[in-house]
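Each chain, letter by letter, is given below.
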Amino acid sequence: MLTWKFRFKNKDINLISHQVDNLNLIIINSFLSCSDEVFNLLSKKCKHNFAILEISNLDWNSDLSPWKMDKVLFFEDDFQGNGDIYLDELVSDIIPKIVNYLESNNIKVNRYILAGYSLAGLFSLYASYKVDLFTDVVSASGSLWFRNFNKFVTYNKISKNVKNAYFSIGNKEYKTKHPVLSITLDRIMFVKDSLSSQGVNTYFEENPGNHFVDSTIRLVKGIRWVLTQK
């Protein structure tokens, strides 16, 4: 096993990799670090070779939001809409640095899987419309209620390089009187159907519980599904 940790512009970068060629690079934007748990859970039931690249200590509502939006819960900060800035850092600085490190250890990357939970799940999709790097997307309990994201999906096409997209939600997440959060399931299905119409292989899964239950397990379920697809 190969590991590497460093900091980039106050962000914590953690790499955990199998030491084999032609592996799947799984990129995870995390609220709280979960890379060790994800690696261990995937290693138990996964026959595929992979590396986990986790970016944490993010300015969550700023780095991962595609545009500005008022907060939806009283204890949150407003969404600052700096997703494009962070995406540029991710694809221009962080990922190339990791790929160069892997290649220096005779490891080549075969697929680039962008995975995230909650707002990071929204960012995974948004990023896959904006750049051509990613081949697979995992949006676990993704915040697809985000204002005007449905319009963004309507007027844009996802990268032609994206082959598979996984969606999930907790069965109590959308059963709420909150006017924004209650539309989450409808928005997920809207995006899923849009991607399916563009030839992307999609899958939707409903999990038991609310938004704050088993987030790492739900994320791993999505990654496992993607890894079994071509």
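Because the structure is predicted, anything quoted here is derived from the model rather than measured.

J.: Summarise the packing of helix α3 (residues 83-104) against helix α4 (residues 119-130); cite the residues concerned and give the values.
T.: In helix packing, the relevant descriptors are the interaxial angle and the interaxial distance, both defined with respect to the helix axes. Orientation of α3 relative to α4, taken along the N-to-C sense of each, is 70 degrees, at an axis distance of 11 Å. In terms of orientation, α3 lies roughly perpendicular with respect to α4. Seen from α3, the contacting residues are G83, D84, Y86, L87 and L90; seen from α4, they are F123, Y126, A127 and K130.

J.: Lay out helix α1 (residues 35-45) with the relevant residues and their values.
T.: Those residues of α1 not exposed but buried are S35, V38, F39 and L42. Down the axis of α1, the sector holding all buried residues measures 95 degrees, keeping them to one side. Opposite its buried face, α1 presents the exposed residues K44 and K45, each directed more than 90 degrees away. Contacts from the buried residues of α1 go to β2 (11-17), β3 (23-29), β4 (50-56) and α7 (215-227).

J.: An account of the pattern of salt bridges is requested, with residue identities and associated values reported.
T.: Tallying each qualifying case throughout the model produces seven salt bridges. Notably, a salt bridge pairs E89 with K9, separated by 3.6 Å at the nearest N-O pair. Of this pair, E89 sits in helix α3 while K9 sits in the loop between β1 (2-8) and β2, placing them 80 residues apart in sequence. Under the relative-accessibility criterion, E89 is labelled buried at 10%. Here K221 ties to E205 by a salt bridge, and the two come within 3.2 Å at their closest N and O atoms. Residue K221 is found in helix α7, and its partner E205 is found in strand β10 (residues 201-207); the two are separated by 16 residues along the sequence.

J.: Before we move on, could you go through unusual backbone geometry and cite the residues and values that matter?
T.: The phi angle at N22 is positive, at roughly 55 degrees, despite the residue not being glycine. Within the secondary structure, N22 is located in the loop between β2 and β3. Judged by its relative accessible area of 48%, N22 falls in the partly exposed class. One non-glycine residue, D214, adopts positive backbone phi at about 55 degrees. Topologically, D214 is positioned in the loop between β10 and α7. A relative accessible area of 42% places D214 in the partly exposed class.

J.: Quick one: what's the story with the packing of α1 against α7, residue by residue and with numbers?
T.: At a minimum axis separation of 10 Å, α1 and α7 run at an interaxial angle of 45 degrees. In terms of orientation, α1 lies oblique with respect to α7. For the crossing formed where α1 meets α7, the hand is right-handed. Here α1 contributes E37, V38, L41, L42 and K45 to the contact with α7, which in turn contributes T216, V220, I223, R224 and L227. When grouped by side-chain class, the residues that make up the contact of α1 with α7 number six nonpolar, one polar and three charged.

About the thresholds
Residues numbered from 1 in each chain as written. Predicted model: local features only at pLDDT ≥ 70, side-chain atom pairs only at ≥ 80, totals over all residues. Heavy atoms only, no water. Axes fitted to C-alpha atoms, helices over the stretch in contact; angles between N-to-C directions. Helix = DSSP H or I, 4+ residues; strand = E, 2+ residues; numbered from the N terminus. Parallel < 35°, antiparallel > 145°, perpendicular 65-115°, else oblique. Contact = heavy atoms within 4.5 Å. Buried < 20%, exposed > 50% of the residue type's maximum accessible area, 1.4 Å probe, protein only. Arc of directions from axis to C-beta. Salt bridge = Lys/Arg side-chain N within 4 Å of Asp/Glu carboxyl O. Left-handed = near helix turned anticlockwise from the far one by under 90°. Nonpolar A, V, L, I, M, F, W, Y, C, P; charged D, E, K, R; others polar.

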